[in-house]
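# Architecture and fold: a report
Chain by chain, the residues run as shown.
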Amino acid sequence: MGGSEGVGASSKQFGVTKPISMAGPSATDLQRTRELEKFLAVSGLYESKDEAAKREEVLHRLGEIVKSWVKQLTRLRGYTGQMVEDANAIILTFGSYRLGVHGPGADLDTLCIGPSYVTREEDFFYTLHDILANVEEVTELQPIPDAHVPVMKFKFDGISIDLLYASISRLVLPEDLDISDVSVLHNVDEPTVRSLNGCRVADQILKLVPNIEHFRTTLRCLKFWAKRRGIYSNVTGFLGGVNLALLVARVCQFYPNAVPSMLVSRFFRVYTQWRWPTPVMLCPIEENELGFPVWHPGKNPRDRSHHMPIITPAYPCMNSSYNVSTSTLRVMMDQFQYGNKICGEIELSRACWKALFEQYSFFESYKNYLQVDVVAADADDLRSWKGWVESRLRQLTLMIERDTFGKLQCHPYHHEFVDTSRQCAHCAFFMGLQRKQGEVVQEGQQFDIRGTVEEFRHSVNMYMFWKPGMEIYVSHVRRRQIPFYVVPDGYKRSRLSRPTSQVENCKSFHNEVSGTEHVERIRKRKNNDGVDVRGDAIVKRQSASPSEDRLARHSSLGTGGLSVEAVSDRQELRNVECNHLSNSGQDELDRTESPEAASNSSVITSVGSSEDTGSVTVAGCVEESTGGVEMMNNGWFEDSTYGNDSVTLVKNIVASGNEVFQHELQEQFQVLVFNFFLIFCFLCYIFY
């Protein structure tokens, strides 16, 4: 039988340990593999021959441009005619294209290697940038010189390209340059090492797996799975292409004779049991006389804080997943468990491969979210501005974990959403919030994240290329408040329509439920998940230079810790909102969701409440045990819940402590009436 030990086994050991199993596939495993490959093809994961030819043409054209660029610089620097003739630059690929697992429309990761006298700062980001800007096929050109790995992003004839640059210590580059040779790292800086590392790591991965084709099919499958399950995004703290490639390659080493259907199943089996932060390594970590820092938690204190170390196999060995946080690791482990469960059902013939790739329902998985709206003057500004904001979302996750001592966990969603009804350039990101599982809840416990959001705003405001019109808005929304442009079909729930007229005495959030149902929901929120998140409904960047950015002035008012601002500042913020985010006065009422809907009022919300439909919060009312009532400085209350008709403003209403007491009496009275009604019905049933 094909599953016997040692069938087709290679005598060479791959990896730092012995294989877990040398078993080969059974007839059933081979059949499942054929079904998996067919599913991947039907799902459109393979590009056509025409698309492949177009990529090759684009690479050839880009190679000609950089060669011409280097020759031009060589001539301007006064080198001899022979030197100009020999001057050369090389375009190499890395990432999914070099590994052979790219699909239709995938980005093309490229590296330009040039001679020692051609610099990154001046020659690459200025001279080559200007040359590319004048190429007809090049669009959306965006230089990012201050990134961890400096990069120039653009589209060439419709194909998205990330172009890195590495200047090595050679005057003339041969066409057959061996990038895996450690000599290319002599006399170069760390940004150059990181730029070269992509190509070197890809080559090493292909050398360290027992069967390249099985590795490629498995990796293609798991990349698709990770995207469908919402955990494919290195920038927000999840897994990127390199991380997944290393994880898959290690499973291939564990099971050298397994076919893709077996490897996919073993992938989930291995990593649901993996004891992080034990590192995943394809080969021993090499230390070299060149002296570049390598991942070593014994020597480097910073490396000890890494939650999910996945180590690159090429010198200098680094942790490719340093972006992973406690929250994102929790989300990934949940998804590994999901994958393991589905694969178990597939092996028992109780499910097909399609079940593994079900789209993750992000907006039905949490009851509370942070919405980060990004606005710019035009599409070009938005492209660079949103890229910067997205790169900082990981920091917001870390800040929230830090300030709540890990009790409030975040799930940043990698996808961006666009409201096409807006006239201004706009997009939005979302982050799910929930209390840490198993955490003991104290009555009245709250998380005040206003300072955290303010700190995040300031870090975003440090953007080097900020322009007028670039703004960021951070607001808390419940699941029921998710805007319709994000979930066109709406959150599937049965509830009565929220009134949009004026609300008296802050009672509007009681209108959806009545009697014991409402009291039961209040009790559940208090006793079961009574943890509050407190944060500004809107924290945003003014249309001014970063140095002139104004801090919101906070003062404490009663037990609610209310955020109060001067009327003039509030009016100025309203004016900015109207200028950048409103189309018209009527549009303000018709819009299902907008960043300005809650203005700058404080929002207190229950995180992880057991009944979402009963946990509506109106800014200006405290639902839980604070026992206080919040009021904005000018006497306006704003409904932070976006229902059918967006915003409700209530003017000049001040609810006293007596009114809060009356609410409690009214609730008890409703319970009493309902109980009498039940007794009456029971008696009627008996006697009649």
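If you check an unreviewed UniProt entry, the protein appears there as polynucleotide adenylyltransferase from Glycine soja. Per UniProt, the protein carries the Subcellular location (unreviewed entry) text "Nucleus". In its Sequence similarities (unreviewed entry) section, UniProt records this for the protein: "Belongs to the poly(A) polymerase family."

On a plain count of helices and strands, the protein comes out with 16 helices and 15 strands. Within the protein, residue pairs in contact and separated by at least 24 positions form 73% of the contacts whose partners lie at least 6 positions apart. With an accessible surface of roughly 30500 Å², the protein has 52% of that area assigned to carbon and sulfur atoms.

Moving on to the packing of aromatic side chains. All chains considered together, the criterion is met by 33 aromatic pairs. When the centroid spacing of 6.4 Å and the interplanar angle of 45° are considered together, the rings of F254 and W274 count as tilted. Note that F254 is positioned in helix α8 (residues 241-254) and W274 in the loop between α9 (260-273) and α10 (326-347), a separation of 20 residues in sequence. Neither F254 nor W274 differs from the other in exposure class; each is buried. An aromatic cluster is built from W225, F254, F267, F268, Y271, W274, W276 and F336, whose rings are joined through pairwise contacts. One cation-aromatic arrangement involves K227 over Y232; the distance from NZ or CZ to the ring centre is 5.1 Å.

Its 14 residues give helix α5 (residues 120-133) an end-to-end C-alpha distance of only 17 Å, which falls more than 12% under 20 Å, the value for a rise of 1.5 Å per residue. Those residues of α5 lying buried are R120, D123, F124, F125, L128, H129 and L132.

Across all of its chains, the model carries 25 salt bridges by this definition. In this structure, R120 and E121 form a salt bridge, with 3.7 Å as the shortest nitrogen-oxygen distance. Overlapping salt bridges, with partners in common, bring together E140, K155, D380 and R383 in one network.

It is worth spelling out the packing of helix α2 (residues 49-76) against α5 at this point. One way to put it is that α2 packs onto α5 with a least axis distance of 11 Å and a crossing angle of 120°. Classified by the angle their axes make, α2 and α5 are oblique. Once α2 is placed against α5, the crossing between them reads as right-handed. Here α2 contributes L62, I65, V66, W69, Q72 and L73 to the contact with α5, which in turn contributes D123, F124, T127, L128, I131 and L132. Of the residues contributing to the contact of α2 with α5, the split by class is nine nonpolar, two polar and one charged.

Looking at the secondary structure, you find E390 in helix α11 (residues 379-403). No salt bridge is formed by the buried E390; the nearest opposite charge belongs to K386, separated by 7.3 Å. Dropping the residues within four chain positions of it, E390 is found in contact with V235, T236, H414 and F429.

This brings us to the pairing of strand β1 (residues 90-94). Regular strands have side chains that alternate between both faces of the sheet. Within β1, five of the five residues are buried, which leaves it mostly tucked inside the rest of the structure. Side chains of β1 alternate between two faces, with I90, L92 and F94 and I91 and T93 buried alike.

Attention now goes to the environment of Y255. Along the chain, Y255 falls in the loop between α8 and α9. Here the alpha-carbon distance between Y255 and P210, two residues 45 residues apart in the chain, equals 8.9 Å. The residues touching Y255, leaving out its near neighbours within four places in the chain, are I20, S21, L263, R266 and V270.

When pLDDT is averaged across the protein, the result is 77; 71% of the residues are at 70 or more. Per-residue pLDDT stays below 50 along residues 1-9; that stretch engages in 21 contacts with residues further than four places along the chain or on separate chains.

All right, on to a nonpolar patch on the surface then. Residues L672, F676, I679, F682, L683, Y685, I686 and F687 make up a contiguous nonpolar surface patch of roughly 940 Å² in combined accessible area. Position of L683 among the secondary structure elements: in helix α16 (residues 657-687).

With 76 residues, the main nonpolar core has F215, F267, Y271, W276 and F363 as its most contacted residues. Residue assignment for this core shows that the elements contributing at least two residues are α1 (27-42), α6 (190-208), α7 (212-228), α8, α9, α10 and β8 (425-435). Dropping the residues within four chain positions of it, F215 is found in contact with L99, I205, L206, V209, A245, V248, A249 and C252. Counting residues in hydrophobic clusters, the runner-up holds 30 residues, among them W69, L108, F154 and I161.

With that settled, the discussion passes to unusual backbone geometry. With glycine set apart, most residues show a phi of negative sign, and most peptide bonds adopt trans. A cis amide bond links W276 with the next residue in sequence, P277, at an omega value of 10°. Note the cis peptide between Y315 and P316, where omega equals -5°. Located in the positive-phi region is E140, a residue other than glycine, with phi close to 55°. Summarising the element assignment, E140 is placed in strand β3 (residues 138-144). Assessed through its relative accessible area of 35%, E140 is described here as partly exposed. Positioned with a positive phi, F405 is a non-glycine residue whose angle comes to about 55°. Within the secondary structure, F405 is located in the loop between α11 and β7 (408-412).

Relative to each other, α6 and α8 sit at 15°, their axes nearing to 10 Å. By the angle between their axes, α6 is roughly parallel relative to α8. Two packed elements cross with a definite hand, and for α6 against α8 that hand is left-handed. On α8, the residues touching V201, I205 and L208 of α6 are V242, A245, L246, A249 and Q253. For the contact of α6 with α8, the class distribution of residues is seven nonpolar, one polar and no charged.

Where burial is concerned, most of strand β2 (residues 108-114) is hidden: seven out of the seven residues are buried. Taking every second residue as pointing to the same face, both faces of β2 are buried, with L108, T110, C112 and G114 on one and D109, L111 and I113 on the other. Looking at chain direction, β1 and β2 are connected through five bridges and run antiparallel. The residue of β2 that forms the bridge with I90 is I113. In this structure, β2 lies alongside strand β5 (residues 159-167), joined through seven bridges in parallel fashion. In the sheet register, L111 faces β5, and the bridge partner there is L164.

Scoring rules and cut-offs
- Residues numbered from 1 in each chain as written.
- Predicted model: local features only at pLDDT ≥ 70, side-chain atom pairs only at ≥ 80, totals over all residues.
- Heavy atoms only, no water.
- UniProt positions renumbered as here; feature names shortened; annotations may be inferred.
- Helix = DSSP H or I, 4+ residues; strand = E, 2+ residues; numbered from the N terminus.
- Contact = heavy atoms within 4.5 Å.
- Areas by Shrake-Rupley, 256 points an atom, 1.4 Å probe, with all protein chains shown as cover.
- Phe/Tyr/Trp six-rings, centres within 6.5 Å; stacked < 30°, edge-to-face > 60°.
- Buried < 20%, exposed > 50% of the residue type's maximum accessible area, 1.4 Å probe, protein only.
- Lys NZ or Arg CZ within 6 Å of the ring centre and 35° of its normal.
- Expected span 1.5 Å × (residues − 1).
- Salt bridge = Lys/Arg side-chain N within 4 Å of Asp/Glu carboxyl O.
- Axes fitted to C-alpha atoms, helices over the stretch in contact; angles between N-to-C directions.
- Parallel < 35°, antiparallel > 145°, perpendicular 65-115°, else oblique.
- Left-handed = near helix turned anticlockwise from the far one by under 90°.
- Nonpolar A, V, L, I, M, F, W, Y, C, P; charged D, E, K, R; others polar.
- Lys, Arg positive; Asp, Glu negative; His and termini not counted.
- pLDDT = per-residue confidence, 0-100.
- Patch = residues over 30% accessible without salt bridge, like charges linked within 9 Å, V, L, I, M, F, W, Y side chains within 5 Å.
- Core = buried A, V, L, I, M, F, W, Y, C linked by side-chain atoms within 4.5 Å.
- Pairing = 2+ DSSP bridges.

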